[in-house]
Amino acid sequence: MLQSRGGRPPHPRTLAKAGRRVAAALVVPALLFTAACGSDGSDGSSEALTKVSGKVGEEPKLTVAEDAEAPDEAAVRTVAEGKGDKLDEGDFVRMDILMTSNGQELVNTWKQRPEGASEGDAHRQEVLRLGEGQGLPEPVTRSLIGERVGSRVLIEGTAEAIMGDSINPQLGIDGADGMVWVIDAVASARTDAEAEAEGEQAATGEGMPEVEADGQKAATITVPKGVKAPGELEQQVLIEGDGPEVEAGDGLIAQYTGVKWEDGEKFDSSWDHGGATAFQIGTGKVVKGWDEALVGRKVGDRVLLVIPPKLAYADNPQSELAENTLVFVVDIVGKV
């Protein structure tokens, strides 16, 4: 649930908490991409202009060759080959990212820790479905197709070669500037876009909204008339799954529908945007109500959530949902 901005209607990738990363300002349309792939199983420095050092999973260090000129076509190198499953289009992938331009660090997920986090706590990572950019340039996400989980991949070229003509000039990046991305493919999962929680649904508790989930479409959520919205987080498991437990830092793969308590109006549903989608959970990348309620739940659960503004968008007054109590039905259909 990524945070809504600027009065635009929310959708699955725009309902998140607390602002967008720099990469989101660089969203590009679909690009034709010719990848010069190759790997010698080392750090790729024999072929690449940029040497990448450090172990996969740890923050990489970059050394750019003297007088190096960024290639006019984005070039991809496998820095280290993983031993996990081979990645394919449509897979959900959780990844770490380092992005630099002319030596300036613009994105570094290894340094993105939630407020109050300890050294051993999960840090913020990106979770997306391969083949769908979702805020990252298509050449970057497509560079992972054919790689294995546990791999580290280097993408380098001019900003124009990687980002296309949609570079945000406010970032001070020129199309001819050199750009380097390093991606670690941390984990992956394959989930049917039409997956949903299965089993007999329990009746909702007294004072809670009623839920009708007929499958393959947004749930119908009926807010009780004349009942004041709760001031604290309310939750109920409607279907109990038997899958693995969701831990902080996991990518939560879910179907969901959300309505406003005040008028019962639907403001978003994964079913309206192609089905199952994924968000990192437990690291402050989603609204507090999701983090508090869904860490510790199991794959296969259907959960009803009633989230007061203070655990939703009250701290983002520009959001059109800032003053609303939000009601969600969430099917946890996988994790990555």
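Our structure is the block above this text.
In short, a report on the structure. As the structure is a prediction and not an experimental result, all values here were calculated from the model.

We now examine the overall build of the protein. Each helix and strand in the protein was counted, giving three helices and 16 strands. Among the 336 residues that make up the protein, the fraction classed as buried is 52%. Contacts spanning at least 24 positions in sequence make up 73% of the contacts within the protein whose residues lie at least 6 apart. Surface summary for the protein: the accessible area is close to 15200 Å², and the carbon and sulfur share equals 43%.

Before going further, it helps to spend a moment on the packing of aromatic side chains. On inspection of all chains with the given rule, the structure shows six aromatic pairs. A ring pair is formed by Tyr 256 and Phe 328, whose centres lie 6.4 Å apart and whose planes are at 65°; its orientation type is edge-to-face. One end of the pair, Tyr 256, is in strand S12 (residues 251-260); the other, Phe 328, is in strand S16 (residues 326-335), with 72 residues separating them in the sequence. A relative accessible area of 1% means that Tyr 256 is categorised as buried. Given the relative accessible area of 1%, Phe 328 is considered buried.

So, about a negative patch on the surface. Where like charges cluster on the molecular surface, the negative patch consists of Glu 66, Asp 67, Glu 69, Asp 72, Glu 73, Glu 160, Asp 165 and Asp 174. Along the chain, Glu 66 falls in the loop between strand S2 (61-64) and strand S3 (75-80). For Glu 66, a relative accessible area of 76% puts it in the exposed group.

As enumerated under the stated definition, the model contains 14 salt bridges in all. The salt bridge partner of Asp 214 is Lys 217, with a shortest N-O separation of 3.9 Å. Since its relative accessible area comes to 56%, Asp 214 is described here as exposed. The residue Lys 260 makes a salt bridge to Asp 263 at a minimum N-O spacing of 3.7 Å. Classification of Lys 260 by relative accessible area gives buried; the value is 15%.

Another aspect to go through is the environment of Leu 87. Positionally, Leu 87 belongs in the loop between S3 and strand S4 (92-101). A sequence separation of 57 residues divides Leu 87 from Leu 144, and the C-alpha atoms of the two residues are 6.7 Å apart. Apart from residues lying up to four places away in sequence, Leu 87 is in contact with Val 93, Leu 130, Leu 144, Ile 145, Gly 146, Glu 147, Arg 148, Val 149, Ala 185 and Ser 188.

Locating Gly 274 in the fold gives a position in the loop between strand S13 (266-269) and strand S14 (277-280). Overall, Gly 274 belongs to the exposed group, its relative accessible area being 60%. A C-alpha to C-alpha distance of 8.3 Å links Gly 274 and Glu 194, two positions 80 residues apart in sequence.

Of all the six residues making up strand S15 (residues 302-307), six are buried; the element is thus mostly covered by neighbouring parts of the structure. Alternating residues of S15 divide into Arg 302, Leu 304 and Val 306 and Val 303, Leu 305 and Ile 307, and every residue in both groups is buried. As judged from the five bridges shared by strand S11 (residues 234-239) and S15, these two strands associate in the antiparallel manner. By the bridge assignment for S15, Gln 235 is matched with Leu 305. Where S15 meets S16, six bridges bridge the pair, whose relative direction is antiparallel. Following the sheet pairing, Arg 302 is matched in S16 by Asp 331.

Here the focus is the side chain of Gln 280. Turning to its location among the elements, Gln 280 is positioned in strand S14. In this structure the side chain of Gln 280 is engaged in a polar contact, spanning 3.0 Å, whose partner is the backbone oxygen of His 123. Within the structure, Gln 280 has its side chain in polar contact with the backbone nitrogen of Gln 125 (distance 2.8 Å). The contact partners of Gln 280, leaving out residues within four places of it in the chain, are Arg 94, His 123, Arg 124, Gln 125, Val 127, Gly 249, Asp 250, Gly 251, Lys 285 and Val 286.

Formed by 26 residues in total, the largest nonpolar core has its most connected members in Met 95, Leu 144, Ile 155, Ile 162, Met 179, Trp 181 and Ile 183. Those elements giving two or more residues to this core turn out to be S4, strand S5 (104-108), strand S7 (152-158), helix H2 (159-163) and strand S8 (178-189). If near-sequence neighbours (up to four positions away) are discounted, Met 95 is found in contact with Gln 125, Glu 126, Leu 128, Leu 136, Leu 144, Ile 183, Asp 184 and Val 186. Among the nonpolar cores identified, the runner-up in size contains 25 residues, and Phe 267, Val 286, Ile 307 and Ile 332 belong to it.

Rules used throughout
Residues numbered from 1 in each chain as written. Predicted model: local features only at pLDDT ≥ 70, side-chain atom pairs only at ≥ 80, totals over all residues. Heavy atoms only, no water. Helix = DSSP H or I, 4+ residues; strand = E, 2+ residues; numbered from the N terminus. Buried < 20%, exposed > 50% of the residue type's maximum accessible area, 1.4 Å probe, protein only. Contact = heavy atoms within 4.5 Å. Areas by Shrake-Rupley, 256 points an atom, 1.4 Å probe, with all protein chains shown as cover. Phe/Tyr/Trp six-rings, centres within 6.5 Å; stacked < 30°, edge-to-face > 60°. Patch = residues over 30% accessible without salt bridge, like charges linked within 9 Å, V, L, I, M, F, W, Y side chains within 5 Å. Salt bridge = Lys/Arg side-chain N within 4 Å of Asp/Glu carboxyl O. Lys, Arg positive; Asp, Glu negative; His and termini not counted. Charge placed at Lys NZ, Arg CZ, Asp CG, Glu CD. Pairing = 2+ DSSP bridges. Polar contact = N/O pair within 3.5 Å; in protein donor to acceptor, adjacent residues only side chain to side chain. Core = buried A, V, L, I, M, F, W, Y, C linked by side-chain atoms within 4.5 Å.

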